[in-house]
Amino acid sequence: TRDKVVRRELKIREGELYHETRKRESIEGVQRLGFFEEVNFKTSTSPEKSDVLNIDIVVKERTTGSIQLGAGYSSSEHFTLTGQVNQANFLGKGQKLGASLNHSSRGSFYNFNFTEPYFMDSTWLLGFDIYHSESGRSEYNEKRLGSALRFGHPLWENVNGYVRYKYEKSTLSPI
């Protein structure tokens, strides 16, 4: 994980007066990322400057990716295959990347998504989805091809607002 991913969660800043509450909030913010097994803030003072407190942030990384595979059978769908790959800390930048598929004799669904939680180092979230699906109904077949763009911004502490714009092309054809 890159240094700036941790630093942007900190409520304390270099050179300011020490504030225990902001230190605790900083620890909670780094833990809330979900990228680390352990988060420790170690404090020390230099013998030359006893009025300056040094805080070293020590983290232990954990795996942030997942792969899921599944198969099933039902009387209506027959054989079904599903798969999903997600990475919650893509390239150590705090970005989210995912892809999923679901395929059966009656239809298929494919999805690819990406989220940048701090677009261009701002407090704006930006993300997108691209998807394609085909499904057979009793009287018609349906195809959908679409994409969605997501924007988000903090409204106040621990509350974010999101806006999503979706464009989809649907095609229906008789069986």
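Given the structure is predicted, the values throughout are model-derived calculations rather than measurements.

**Q** Would you mind showing me how to read the overall build of the protein here?
**A** If you tally the helices and strands in the protein, you get two helices and nine strands. Secondary structure elements of the protein, listed N to C terminal, follow the sequence α-α-β-β-β-β-β-β-β-β-β. The dimensions of the protein, computed from C-alpha atoms along their principal axes, are 80 × 30 × 25 Å. Here the protein, with 175 residues, has 24% of them falling under the buried criterion. Residue pairs at least 24 apart in sequence account for 35% of intrachain contacts in the protein once pairs closer than 6 positions are excluded. Accessible surface, the protein: about 12,400 Å² in total, of which carbon and sulfur atoms supply 55%.

**Q** Explain the pattern of salt bridges here, please?
**A** Side chains that differ in charge, positive against negative, can pair when their charged atoms come close. Taken as a whole and judged by the stated rule, the model has ten salt bridges. R7 is the salt-bridge partner of E14, the closest N and O atoms lying 2.9 Å from each other. For R7, a relative accessible area of 41% translates into the label partly exposed. In this structure, R150 engages D129 in a salt bridge whose closest nitrogen and oxygen atoms are separated by 2.4 Å. With R150 in strand β8 (residues 140-156) and D129 in strand β7 (residues 125-136), this pair connects stretches of sequence that are 21 residues apart. Each of the two residues, R150 as well as D129, counts as buried. In this structure, a network of salt bridges that share partners links the residues E142, R144, K166 and E168.

**Q** What should I look at first to understand the nonpolar core in this one?
**A** Nonpolar side chains tend toward joint burial in soluble globular proteins. Among the nonpolar cores identified, the biggest contains ten residues, and these are V5, V6, L10, I12, I27, V30, F35, F36, V39 and F41. Mapped onto this core, the elements with two or more residues apiece are α1 (3-7), α2 (20-32) and β1 (36-45). Counting residues per element, this core draws most heavily on β1, which supplies three residues. Discounting residues that sit within four places of it in the chain, V6 has contacts with T1, V30, F36 and I57.

**Q** How do you make sense of the packing of aromatic side chains when you look at a structure like this?
**A** Note on aromatic pairs: each is described by the distance of the centres and the angle between the planes. Inspection of every chain in the model, using the stated rule, returns five aromatic pairs. Centre to centre, the rings of F112 and F128 are 6.2 Å apart; their planes meet at 45 degrees, and the pair counts as tilted. Of this pair, F112 sits in strand β6 (residues 107-116) while F128 sits in strand β7, placing them 16 residues apart in sequence. When its relative accessible area of 35% is taken as the criterion, F112 is described as partly exposed. For F128, a relative accessible area of 30% gives the class partly exposed. Taken together, the ring pairs connect F112, F114 and F128 into an aromatic cluster.

Quick notes on the rules
Residues numbered from 1 in each chain as written. Predicted model: local features only at pLDDT ≥ 70, side-chain atom pairs only at ≥ 80, totals over all residues. Heavy atoms only, no water. Helix = DSSP H or I, 4+ residues; strand = E, 2+ residues; numbered from the N terminus. Buried < 20%, exposed > 50% of the residue type's maximum accessible area, 1.4 Å probe, protein only. Contact = heavy atoms within 4.5 Å. Areas by Shrake-Rupley, 256 points an atom, 1.4 Å probe, with all protein chains shown as cover. Salt bridge = Lys/Arg side-chain N within 4 Å of Asp/Glu carboxyl O. Core = buried A, V, L, I, M, F, W, Y, C linked by side-chain atoms within 4.5 Å. Phe/Tyr/Trp six-rings, centres within 6.5 Å; stacked < 30°, edge-to-face > 60°.

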